[in-house]
Amino acid sequence: SISFAGENFGSGFTRAGSFYYLRVDAVCNIISFVDPDNLAAVGTTRAGNYYTASVDRLFIATSTRLYVLDNSIPSAPVELGDWPLGGSGFVGSLAVTADGNTAFVASGGIHVVDTTTPATMTELDLFTYGRFTSKLHREGDRLYSDDTNGTLSILDASTPTAMAVIGEYQYF
């Protein structure tokens with residue numbers, strides 16, 4: 001069994017294949033669950049606030065940067081590039097397209113970043129709609145955005161440079 005004694009246990013994590021990437025304090029622990037009865041810590045990588053994975057890439061957002069890592073060897077990710085985040089200095093969430101070529105980062109709006117070539121990432125758009133996004137979830141061509149005012153927004157992200165709100169639900 002694995003135990004951690006960090007004060008920030010679980011403040012960021014994601015799953016990629018048979019591995020979990022779990023932040024504990026200032027490091028991201030890589031946990032293999034190939035055998036659920038015998039979880040094993042197999043490595044560490046850069047810490048961040050939010051993590052997500054797509055294809056053979058691991059994405060990590062800190063309060064100031066977006067990092068893209070080659071995750072083809074899950075126990076030893078290799079940094080491919082990073083991009084400076086503008087905006088509020090606070091990252092609320094992170095989502096990526098299934099192919100890993102576009103990242104959506106909530107920080108003073110939703111930054112749409114071309115991650116096709118991680119060494120030379122570029123911002124495609126900054127989508128703002130008067131809300132402070134705290135959570136993002138991508139499914140197909142839809143981006144679901146939860147804000148701090150209690151609104152779930154559904155965005156059409158089929159064209160990432162021209163996103164549009166197509167539905168909203170006020171839950172408080």
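A quick note: this is a predicted structure, and the numbers were derived from the prediction, not measured.

1. Focus on the pattern of salt bridges
Okay, step 1: By the definition in use, this model includes two salt bridges.
Okay, step 2: Between D82 and R65 there is a salt bridge whose closest N-O contact spans 2.4 Å. Within this pair, whereas D82 is found in strand β8 (residues 78–84), its partner R65 is found in strand β7 (residues 65–70), the two being separated by 17 residues in sequence.
Okay, step 3: For D82, a relative accessible area of 30% translates into the label partly exposed.

2. Focus on the environment of L152
Okay, step 1: Within the secondary structure, L152 is located in strand β15 (residues 151–156).
Okay, step 2: Looking at L152, the relative accessible area reads 33%, which means it is partly exposed.
Okay, step 3: With near-sequence residues (within four places) excluded, L152 lies in contact with Y144, S145, D146, G167, E168, Y169 and Y171.

3. Quick word on the sheet that holds strand β6 (residues 57–61)
Okay, step 1: Across the sheet, four strands lie side by side as β5-β6-β7-β8; this open sheet has antiparallel pairing. Every other strand in the sheet has two partners, leaving β5 (50–54) and β8 as the edge strands with one partner each. Between one strand axis and the next, the sheet turns through 20° on average, direction left out of account.
Okay, step 2: As paired strands, β5 and β6 are joined by five bridges and run antiparallel to one another. Its bridge partner lying in β6, Y51 is registered against I60.

4. Digging into the confidence of the model for the protein chain
Okay, step 1: Of the residues in the protein chain, 92% have a pLDDT of 70 or more, and the chain-wide mean is 85.
Okay, step 2: Of all secondary-structure elements in the protein chain, the lowest mean pLDDT belongs to strand β1 (residues 13–16), at 80, while β8 reaches the highest, 95.
Okay, step 3: Below a pLDDT of 50 lies the segment residues 1–11, which in the model reaches 22 contacts outside its immediate sequence neighbourhood of four places, other chains included.

5. Describing the layout of surface pockets
Okay, step 1: Taken as a whole, the largest pocket spans an internal volume of roughly 310 Å³.
Okay, step 2: T14, Y51, T52, L94 and L136 are the residues nearest the centre of the largest pocket, which is lined by 19 residues in total.
Okay, step 3: For the lining of the largest pocket, the secondary structure elements donating two or more residues are β1, β5, β9 (93–96) and β13 (133–139).
Okay, step 4: A breakdown of the residues in the lining of the largest pocket according to their chemical character gives nine nonpolar, nine polar and one charged.

6. Here's the deal with the sheet that holds strand β14 (residues 142–147)
Okay, step 1: The sheet built from four strands is open, its strands ordered β13-β14-β15-β16 with antiparallel pairing. Whereas interior strands pair on both sides, the edge strands pair on one side only; in this sheet they are β13 and β16 (164–170). Neighbour-to-neighbour, the strand axes of the sheet open up by a mean angle of 20°, direction not taken into account.
Okay, step 2: In terms of strand pairing, β15 meets β16 through six bridges, oriented antiparallel. Across the sheet, residue D156 finds its bridge partner in β16, namely A164.

7. Focus on the nonpolar core
Okay, step 1: In terms of nonpolar packing, the biggest core is built from 13 residues, with L66, W83, L94, V105, V113 and M121 touching the most fellow members.
Okay, step 2: Of all elements in the fold, only β6, β7, β9 and β10 (102–106) reach the threshold of two or more residues within this core.
Okay, step 3: Contacts of V105, omitting those with residues within four sequence positions, involve L66, L85, V91, S93, L94, I110, H111 and L136.
Okay, step 4: Membership of the second largest hydrophobic core comes to 12 residues, among which are A95, F104, V112 and L143.

8. Things to note about the side chain of T62
Okay, step 1: Tracing the chain through its elements places T62 in the loop between β6 and β7.
Okay, step 2: Note on T62: relative accessible area 14%, which makes it buried.
Okay, step 3: Look past the residues within four positions of T62 in its chain and what remains in contact with it is A47, G48, N49, Y67, L85 and V91.

What counts and what doesn't
Residues numbered from 1 in each chain as written. Predicted model: local features only at pLDDT ≥ 70, side-chain atom pairs only at ≥ 80, totals over all residues. Heavy atoms only, no water. Salt bridge = Lys/Arg side-chain N within 4 Å of Asp/Glu carboxyl O. Helix = DSSP H or I, 4+ residues; strand = E, 2+ residues; numbered from the N terminus. Buried < 20%, exposed > 50% of the residue type's maximum accessible area, 1.4 Å probe, protein only. Contact = heavy atoms within 4.5 Å. Pairing = 2+ DSSP bridges. Axes fitted to C-alpha atoms, helices over the stretch in contact; angles between N-to-C directions. pLDDT = per-residue confidence, 0-100. 1 Å grid on protein atoms, 1.4 Å probe; cavity = no way out; pocket = protein on both sides within 12 Å on 5 of 7 lines; lining within 4 Å. Points joined across faces, edges and corners; volume = space filled by probe spheres on them. Nonpolar A, V, L, I, M, F, W, Y, C, P; charged D, E, K, R; others polar. Core = buried A, V, L, I, M, F, W, Y, C linked by side-chain atoms within 4.5 Å.

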